[in-house]
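If you want the building blocks of each chain, they are given just below.
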Amino acid sequence: MKSNHAKIFNHIPLSVLDLAPITEGSNASESFKNSVELAQHVEKWGFNRYWLAEHHNMAGIASSATSVVIGHIAGKTEHIRVGAGGVMLPNHATLVIAEQFGTLDALYPGRIDLGLGRAPGSDQATAYALRRTLNASVDDFPMQVNELQDYFSDEPVSRVKAIPGQGANVPLWLLGSSGFSAQLAAHKGLPFSFASHFAPAYLHQALTLYRDNFKPSEALEKPYVMLGINIIAADTDEKANFIATSQKQQFLNLRRGNPGKLQPPVDNLEELYSPAEIAAVEETLNPKTTIVGSADTVRRGLESFIEETGADELIIGSQIFHQEDRLRSFEIVAGMMA
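For the structure given in this document, a descriptive report is provided here. In this text, all values refer to a predicted model and were calculated from it rather than measured experimentally.

## Remarks on the nonpolar core
Ranked by size, the top nonpolar core spans 70 residues in total, and within it Phe47, Phe101, Leu114 and Leu314 carry the most contacts. Residues within four places of Leu314 in sequence aside, it is in contact with Ile12, Pro13, Leu14, Ser15, Met226, Leu227, Ile229, Leu302, Phe305 and Ile306. Formed by nine residues, the second largest nonpolar core is a distinct cluster that contains Leu17, Trp51, Ile61 and Ile315.

This is the structure:
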């Protein structure tokens with residue numbers, strides 16, 4: 001007999017957040033082949049969206065040219081929604097993003113999402129290389145969102161038109177890891193995706209800000225929240241915990257200022273990192289938002305998380321070294337869906 005939790009879980013759409021990981025000994029070409037394979041599989045398994053994230057100057061992430069990879073994945077799939085989770089809007093001229101995603105919408109009508117973030121997606125030197133100036137501020141982000149909405153409208157007020165882009169059906173999402181985007185999404189009546197997979201400490205504050213201040217809009221009548229969560233599932237708890245050491249190494253190396261390629265799993269992290277480093281990363285990879293284990297363990301974790309947060313949708317990240325383990329992890333999660 002299914003629990004009440006399970007009944008809730010079966011009505012929650014599940015989506016995928018792909019960082020297009022470049023594993024040790026591999027390259028970007030192999031990463032994109034793996035992403036296509038995963039996207040095709042999760043589409044068959046009934047997942048709702050497949051999003052890719054903009055990062056720069058990181059040897060282990062291949063999705064820097066996010067719109068290009070989105071087009072590639074959309075072209076290799078049939079109906080799953082494909083989008084950005086997200087594009088870091090301050091890195092770009094707003095018109096360029098409107099044209100890129102207007103083009104994607106023209107190529108793949110009704111399938112493209114655009115999640116927007118305000119962080120640089122890298123360090124300040126990389127931000128300067130992208131923008132050629134640091135005069136642009138993240139404080140300009142609300143204005144850029146307004147500009148983008150105007151470019152996508154049927155009758156934009158701007159003298160410059162986004163072609164393709166004008167009249168495009170590209171839903172905008174605001175992404176965040178703090179309260180800023182939660183409040184902006186609420187004010188503008190847009191769907192909101194929170195990065196609880198790496199910022200669990202601010203989750204409930206952001207949810208409250210969004211839901212309590214939400215104003216209905218043409219885009220959305222009531223609040224809609226998609227929460228990020230890490231899931232590494234395997235046939236046993238022991239194997240899942242072993243596989244999960246790749247993700248832990250990624251976060252540990254990032255803390256050391258050495259964000260390299262995704263490393264293979266190891267038997268003992270304590271041989272490579274200090275207890276203080278491991279403790280700090282395990283706090284970031286909170287067990288509530290980083291669920292590692294067998295199907296039963298993952299199901300319990302998901303049911304608890306959904307009940308606690310009231311999430312409308314979950315987007316799952318899985319930094320897994322071996323492609324066969326990655327596919328198996330999502331296959332296990334797919335088995336839990338209605």
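## Section: the side chain of Lys188
By the element assignment, Lys188 lies in helix α7 (residues 179–188). The side chain of Lys188 sits in the buried core without any salt bridge; Asp150 is the nearest counter-charge, 11 Å away. Among the polar contacts made by the side chain of Lys188, one reaches the side chain of Asn146 at a distance of 2.6 Å. Among the polar contacts made by the side chain of Lys188, one reaches the side chain of Gln149 at a distance of 2.8 Å. Dropping the residues within four chain positions of it, Lys188 is found in contact with Val145, Asn146, Gln149, Lys215 and Ser217.

## Focus on the packing of aromatic side chains
Enumeration over the complete set of coordinates arrives at six aromatic pairs. Between Trp51 and Trp173 the ring centres are 5.3 Å apart and the planes differ by 85°, which places this aromatic pair in the edge-to-face class. Of this pair, Trp51 sits in strand β2 (residues 49–52) while Trp173 sits in strand β5 (residues 172–176), and the two are 122 residues apart along the sequence. Trp173 sits in the buried class, given a relative accessible area of 3%. Through a chain of ring-to-ring contacts, the aromatic side chains of Phe192, Phe194, Tyr210 and Phe214 assemble into a single cluster. Residue placement shows Arg118 over the ring face of Phe180; its charged tip is 3.8 Å from the ring centre.

## Side note on the packing of helix α6 (residues 141–152) against α7
Packing of α6 against α7 brings their axes to within 11 Å, and their N-to-C directions diverge by 40°. Remark: the crossing between α6 and α7 carries right-handed chirality. Contacts from Phe141, Pro142, Val145, Asn146 and Gln149 in α6 reach Phe180, Ser181, Leu184 and Lys188 in α7. Each residue belonging to the contact of α6 with α7 can be placed in one class, and the counts come to five nonpolar, three polar and one charged.

## Quick look at the pattern of salt bridges
Evaluated as defined, the whole model comprises 11 salt bridges. Across the pair Asp18 and Arg326 runs a salt bridge whose closest N-O atoms are separated by 2.6 Å. With a gap of 308 residues between them, Asp18 in strand β1 (residues 14–18) and Arg326 in helix α13 (residues 323–334) connect regions that are remote in the sequence. On the basis of relative accessible area, Asp18 is assigned to the buried category, the value being 1%. The closest approach of N and O atoms between Arg49 and Asp113, which form a salt bridge, is 2.9 Å. Of this pair, Arg49 sits in strand β2 while Asp113 sits in strand β4 (residues 112–117), placing them 64 residues apart in sequence. Assessed through its relative accessible area of 9%, Arg49 is described here as buried. Judged by its relative accessible area of 0%, Asp113 falls in the buried class.

Thresholds, definitions, all that
Residues numbered from 1 in each chain as written. Predicted model: local features only at pLDDT ≥ 70, side-chain atom pairs only at ≥ 80, totals over all residues. Heavy atoms only, no water. Core = buried A, V, L, I, M, F, W, Y, C linked by side-chain atoms within 4.5 Å. Buried < 20%, exposed > 50% of the residue type's maximum accessible area, 1.4 Å probe, protein only. Contact = heavy atoms within 4.5 Å. Helix = DSSP H or I, 4+ residues; strand = E, 2+ residues; numbered from the N terminus. Lys, Arg positive; Asp, Glu negative; His and termini not counted. Salt bridge = Lys/Arg side-chain N within 4 Å of Asp/Glu carboxyl O. Polar contact = N/O pair within 3.5 Å; in protein donor to acceptor, adjacent residues only side chain to side chain. Phe/Tyr/Trp six-rings, centres within 6.5 Å; stacked < 30°, edge-to-face > 60°. Lys NZ or Arg CZ within 6 Å of the ring centre and 35° of its normal. Axes fitted to C-alpha atoms, helices over the stretch in contact; angles between N-to-C directions. Left-handed = near helix turned anticlockwise from the far one by under 90°. Nonpolar A, V, L, I, M, F, W, Y, C, P; charged D, E, K, R; others polar.

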